[in-house]
Amino acid sequence: QAGYNNTVGNINSFLGELTGFNNTTGSYNTFLGCESGFSNISGFSNQFMGYRAGYLNTIGNNNLMIGKKAGYDNTTGSSNIFIGENAGLGGTRSFNNIIIGKNAGLNCNGRDNFIFGQNAGRGGMTTAQENVLIGKNAGTSLTTGRENVFIGNGAGASLTIGSFNVGIGRIALRDLQYGDRNTCIGLNTGVFLSGTSSFNTFIGGQAAQNIKDGKSS
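To keep things clear, this report deals only with the structure shown in the data block.

Cut-offs applied
Residues numbered from 1 in each chain as written. Predicted model: local features only at pLDDT ≥ 70, side-chain atom pairs only at ≥ 80, totals over all residues. Heavy atoms only, no water. Helix = DSSP H or I, 4+ residues; strand = E, 2+ residues; numbered from the N terminus. Polar contact = N/O pair within 3.5 Å; in protein donor to acceptor, adjacent residues only side chain to side chain. Buried < 20%, exposed > 50% of the residue type's maximum accessible area, 1.4 Å probe, protein only. Phe/Tyr/Trp six-rings, centres within 6.5 Å; stacked < 30°, edge-to-face > 60°. Salt bridge = Lys/Arg side-chain N within 4 Å of Asp/Glu carboxyl O. Patch = residues over 30% accessible without salt bridge, like charges linked within 9 Å, V, L, I, M, F, W, Y side chains within 5 Å. Areas by Shrake-Rupley, 256 points an atom, 1.4 Å probe, with all protein chains shown as cover. Contact = heavy atoms within 4.5 Å. Core = buried A, V, L, I, M, F, W, Y, C linked by side-chain atoms within 4.5 Å.

Locating Asp73 in the fold gives a position in the loop between strand S4 (64-66) and strand S5 (81-83). Considered as a pair, Asp73 and Gly54 are 19 residues apart in the sequence and their alpha carbons are 6.9 Å apart. A polar side-chain atom of Asp73 sits 2.8 Å from the main-chain amide nitrogen of Gly90.

The following block contains the structure:
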């Protein structure tokens with residue numbers, strides 16, 4: 001029953017049980033895997049590969065979703081790349097994101113983000129834009145903010161709202177919750193920079209481990 005409801009859709013490839021089941025007018029789609037692209041109606045130029053990949057997509061276009069339940073909840077989002085089990089799961093309307101890694105980018109509805117690593121950016125990026133999160137558990141709490149760069153295992157893991165922050169190194173800026181324009185480069189740098197802190201620059205392994213709310217403690 002692959003492509004069961006297809007009426008005028010053209011140049012589609014559906015392979016697997018119930019793949020593209022509800023597709024009616026969507027064209028240029030490739031769905032591989034049981035129930036992948038199941039809800040697609042008019043979305044075009046999508047590639048969904050894996051069990052229930054892109055399952056709820058209805059009108060989203062130009063998406064690449066590979067992995068078990070990758071992009072499962074996407075309905076209208078377009079031009080995304082989700083690779084990995086549950087990558088982008090829970091997001092419904094994200095655009096222009098690249099999310100790679102198991103459980104990466106969960107509930108992401110932002111745009112123009114690059115997320116790479118298991119659990120990276122999994123905190124629900126509701127309006128986050130133009131962020132780069134690389135490393136296991138990097139930026140796991142980010143919900144709102146733009147142009148943050150967190151690279152390293154656990155870097156920027158607690159930041160929920162903030163912009164223009166740079167944390168490079170294992171658990172760099174790990175405990176910062178709110179703040180803008182902080183730069184911490186090095187192993188454990190700014191790890192205890194917590195609360196609300198902004199406009200700090202620390203370079204060197206384990207620098208600035210005792211600052212809270214922008215003040216030395």
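Still more ground to cover, so stick around.
Further remarks concern unusual backbone geometry. The phi dihedral of Glu130 falls on the positive side, at around 55 degrees, and the residue is not glycine. Tracing the sequence through the fold places Glu130 in the loop between strand S7 (114-116) and strand S8 (132-134). Overall, the relative accessible area of 33% leaves Glu130 in the partly exposed class. Look at Arg181: it is not a glycine, yet its phi comes out positive at around 60 degrees. As for its placement among the helices and strands, Arg181 is situated in the loop between strand S11 (176-178) and strand S12 (183-185). Accessibility expressed as a relative area gives 42% for Arg181, which makes it partly exposed.

Here the structure, examined in full by the defined rule, presents six aromatic pairs. Summarising the aromatic geometry, the rings of Tyr4 and Phe21 are spaced 5.1 Å apart at their centres and angled 5 degrees between planes, so their arrangement reads as stacked. Of this pair, Tyr4 sits in the segment before strand S1 (13-15) while Phe21 sits in the loop between S1 and strand S2 (30-32), and the two are 17 residues apart along the sequence. On the basis of relative accessibility, which here comes to 51%, the residue Tyr4 falls in the exposed class.

Turning next to the pattern of salt bridges. Using the criterion set out here, one finds four salt bridges in the structure. One salt bridge in this structure joins Glu35 and Arg52, with 2.5 Å as the shortest N-O distance. Residue Glu35 is found in the loop between S2 and strand S3 (47-49), and its partner Arg52 is found in the loop between S3 and S4; the two are separated by 17 residues along the sequence. Given the relative accessible area of 12%, Glu35 is considered buried. In this structure, Arg146 engages Glu130 in a salt bridge whose closest nitrogen and oxygen atoms are separated by 2.9 Å. Linking Arg146 in the loop between S8 and strand S9 (149-151) with Glu130 in the loop between S7 and S8, this pair joins segments that are 16 residues apart in sequence. Exposure remark for Arg146: the relative accessible area of 34% places this residue in the partly exposed category. Salt bridges sharing partners connect three or more residues here, namely Glu130, Arg146 and Glu147.

In this section: a nonpolar patch on the surface. On the surface, Ile151, Ile168, Ile185 and Ile203 cluster together to form a nonpolar patch covering roughly 310 Å² of accessible area. Looking at the element boundaries, Ile203 is found in strand S14 (residues 201-203).

You can see Gly88 is positioned in the loop between S5 and strand S6 (98-100). In this structure Gly88 comes out as buried when scored by relative accessible area, which is 2%. Through-space distance from the C-alpha of Gly88 to that of Asn74 is 8.1 Å; in sequence the pair is 14 residues apart. If we ignore the near neighbours within four places in the chain, the residues touching Gly88 are Gly71, Phe82, Ile99, Ala104 and Gly105.

Here Asn148 is to be found in the loop between S8 and S9. Polar side-chain contacts of Asn148 include one of 3.4 Å to the backbone nitrogen of Phe164. Not counting residues within four places of it along the chain, the set of residues in contact with Asn148 comprises Glu130, Asn131, Val132, Leu142, Leu159, Gly162, Ser163, Phe164 and Asn165.

Attention now goes to the nonpolar core. In this structure, Ile99, Ile115 and Met125 are the most contacted members of the largest nonpolar core, which totals 26 residues. Contact partners of Met125, with chain neighbours within four places excluded, come to Leu106, Asn107, Cys108, Asn109, Gly110, Asn113, Ile115, Asn131, Leu133, Leu142 and Thr143. Counting residues in hydrophobic clusters, the runner-up holds five residues, among them Leu18, Phe21, Tyr55 and Tyr72.

Here the focus is the side chain of Ser197. Turning to its location among the elements, Ser197 is positioned in the loop between strand S13 (195-196) and S14. Accessibility expressed as a relative area gives 1% for Ser197, which makes it buried. In this structure the side chain of Ser197 is engaged in a polar contact, spanning 3.3 Å, whose partner is the backbone oxygen of Ser194.

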